Amino acid sequence: MILEVAALTLAGTHFGVPLLYYYYLKSRYLNKPWSIKVDENYKPKVTVIVPTYMEAELIQGKLRNLYAQEYPKDLMEIIVIDSGSTDGTAELVEGWASKHKGVNLKLIREAERRGKAYALNHALKYAIGEVVVTADVDALWPNRALAEALKWFADPTVGAVSCLKKPIGSKIRGVEEDYRRYYNVLRVAESKAYATPIFHGELAVFRRSLLELLGGFPTDIGADDSHTATRIALLGYRAIVPEDLWVEEFVPNEGYFLWRARRAQHLIQHFVKTIKEARKHKVAKEFRKIIAVEFFLHVVNPWLLLTSILILVVSIVVFSLLFAAFVMILGLALLNLKHYRTWIAQQLFLIVAALRNLKSKEIAWSK
Ligand code: GDP
Ligand code: MN
């Protein structure tokens, strides 16, 4: 009896908290107007930083994509920072630049690879834009993305802006899409409430003055984009993901599971560090709640599910409890439902990620 109650309480919390959080945010904030003054004509000087490591296959497409942005060329500077790629990435950038003289493009080559955040900080030293954008190579922006992202900076309370992601180009896309549907609602609703602690390096815009105040991107953890946005929010600025700013991200066909696990590793590192960091600041009430729940969802919640499953297994195997067997079979049968399956997969990624974090932080990951 005690075992069954324990297992059900854990499982109830595991599924209940995220569902409540989702419906709370959705009903309370999702359709609220933004209390931010946007100006479609606001056109600051911008530095786009493209970090590259072994991107020969995609880099030219990404440069073409940036070139196609509907933004005045004289207000846009591109810095490609390559960390010793051996597949010819840097040479391809040089070649492209020599054919596009009208573009203000600088290539920096690091002899040694020390990770993405380290490279971003290196590039930041040369950046002259009022705002700085990170642009991962494996994502494509719509032509108006930059202009759409920058218009929010007309409001001085906005410190950082990022995008939503549409997965493309993989057989696994379906799983990724399903996961994103739940996830995107959270990003936008959190942004409207105050700020979202999860950003996307595929298109992440920061006020340069704030980046400098923070001393650049964190090099000791993986989620440089999310953590920087969160620190900006902790300083009292909005860090937002608007509902209509989308980019397309290539989802890997091979190594999808490791890719997801690595990202989960980085998010766990980010939330663990954020919880400590938040204590040092006077934080907006809404944002404090958001950080607390997201910490719970990424760091604690997966383990409630695992514990609940272990208790059920013990109840069945050791005590032959019928009710436990029934709950277990129900839990397995539900795997036929796509949303449920997607959710369980994400929990597995988070558990694997937490264990992998004990071994390596994956600051410079394999490609
Ligand atoms: P994910 O989006 O988190 O899965 O990571 P990616 O592997 O796509 O990397 C994001 C961006 O950072 C890509 O443009 C990579 O080429 C780049 N990148 C990754 N590691 C390094 C690095 O050590 N140095 C530099 N300069 N860029 C890197
Ligand atoms: Mn990527």
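One can find the structure itself at the top, above this paragraph.
Just so we're clear, the structure is a prediction, and the values are computed from it rather than from any experiment.

### Concerning helix α12 (residues 338–359)
- A rise of 1.5 Å per residue sets the reference length of α12, with its 22 residues, at 32 Å; its end C-alpha atoms lie 32 Å apart and thus fit the reference within 8%.
- Along α12, the residues classified as buried are Tyr340, Thr342, Trp343, Ile344, Gln346, Gln347, Phe349, Leu350, Ile351, Ala353, Ala354 and Asn357.

### Points about a positive patch on the surface
- Judged by side-chain charge, Arg28, Lys32, Lys285 and Lys289 come together as a positively charged surface patch.
- Secondary-structure assignment places Lys32 in the loop between α1 (2–30) and β1 (46–52).
- Using a relative accessible area of 33% as the deciding quantity, one classes Lys32 as partly exposed.

### Brief notes about a nonpolar patch on the surface
- Together, Leu8, Phe323, Phe326, Leu330, Leu334 and Leu337 make up a nonpolar patch on the protein surface, roughly 550 Å² of accessible area in all.
- Looking at the nonpolar patch element by element, the count peaks at three residues for helix α11 (residues 322–333).

### Structural notes on the site of ligand 1
- Around ligand 1, 19 residues are found, and the nearest of them are Pro51, Glu55, Ser83, Arg113 and Arg263.
- Arg262 has a polar side-chain atom sitting 3.0 Å from an oxygen atom of ligand 1.
- For ligand 1, the accessible surface in isolation is 570 Å², of which the surrounding protein chains cover 95%.
- For the shell around ligand 1, the secondary-structure elements that each account for two or more residues are β1, β2 (76–83), α4 (116–124) and α9 (256–278).
- Across the shell around ligand 1, the residue classes break down as seven nonpolar, three polar and nine charged.

### What about the sheet that holds strand β5 (residues 139–140)?
- Strand order in the open sheet made by the three strands is β5-β10-β7, with mixed pairing throughout. What marks the edges here is a single partner per strand, and that holds for β5 and β7 (164–168).
- As paired strands, β7 and strand β10 (residues 246–250) are joined by five bridges and run parallel to one another. Paired with Pro167 across the strands is Glu249, a residue of β10.

### Regarding the pattern of salt bridges
- According to the stated counting rule, one finds 19 salt bridges in the structure shown.
- Measuring nitrogen to oxygen at the nearest pair gives 3.2 Å for the salt bridge that ties Lys192 to Glu243. Taken together, the residues span a long stretch of sequence, with Lys192 in helix α6 (residues 173–193) and Glu243 in the loop between β9 (238–240) and β10 at a distance of 51 residues.
- Note on Lys192: relative accessible area 6%, which makes it buried.
- Residue class for Glu243 comes out partly exposed when judged on its relative accessible area of 35%.
- A salt bridge links Arg263 to Glu202; its shortest N-O distance comes to 3.2 Å. Of this pair, Arg263 sits in helix α9 while Glu202 sits in the loop between α6 and β8 (204–207), and the two are 61 residues apart along the sequence.
- Each of Glu40, Glu70, Arg144, Glu148 and Lys151 takes part in salt bridges that share partners, so that together they form one network.

### Re the sheet that holds β2
- With respect to topology, seven strands assemble into an open sheet ordered β3-β2-β1-β4-β8-β6-β9, the strand pairing being mixed. Each edge of the open sheet is held by one strand with a lone partner, namely β3 (104–110) and β9. The average undirected angle you get between the axes of adjacent strands in this sheet is 20°.
- When strand β6 (residues 158–162) meets β9, the two strands line up parallel, connected through three bridges. The residue of β9 that forms the bridge with Val158 is Arg238.
- Along the sheet, helix α2 (residues 59–67) contacts β1, β2 and β3; its crossing angle with β1, the most-contacted strand, is approximately 170°.
- Across the sheet, helix α3 (residues 89–99) is in contact with β1, β2 and β3; its angle to β3 comes to roughly 160°.

Calculation notes
- Residues numbered from 1 in each chain as written.
- Chains lettered and ligands numbered in written order.
- Predicted model: local features only at pLDDT ≥ 70, side-chain atom pairs only at ≥ 80, totals over all residues.
- Heavy atoms only, no water.
- Helix = DSSP H or I, 4+ residues; strand = E, 2+ residues; numbered from the N terminus.
- Expected span 1.5 Å × (residues − 1).
- Buried < 20%, exposed > 50% of the residue type's maximum accessible area, 1.4 Å probe, protein only.
- Patch = residues over 30% accessible without salt bridge, like charges linked within 9 Å, V, L, I, M, F, W, Y side chains within 5 Å.
- Areas by Shrake-Rupley, 256 points an atom, 1.4 Å probe, with all protein chains shown as cover.
- Salt bridge = Lys/Arg side-chain N within 4 Å of Asp/Glu carboxyl O.
- Lys, Arg positive; Asp, Glu negative; His and termini not counted.
- Charge placed at Lys NZ, Arg CZ, Asp CG, Glu CD.
- Near = heavy atom within 4 Å.
- Polar contact = N/O pair within 3.5 Å; in protein donor to acceptor, adjacent residues only side chain to side chain.
- Nonpolar A, V, L, I, M, F, W, Y, C, P; charged D, E, K, R; others polar.
- Pairing = 2+ DSSP bridges.
- Axes fitted to C-alpha atoms, helices over the stretch in contact; angles between N-to-C directions.
- Contact = heavy atoms within 4.5 Å.

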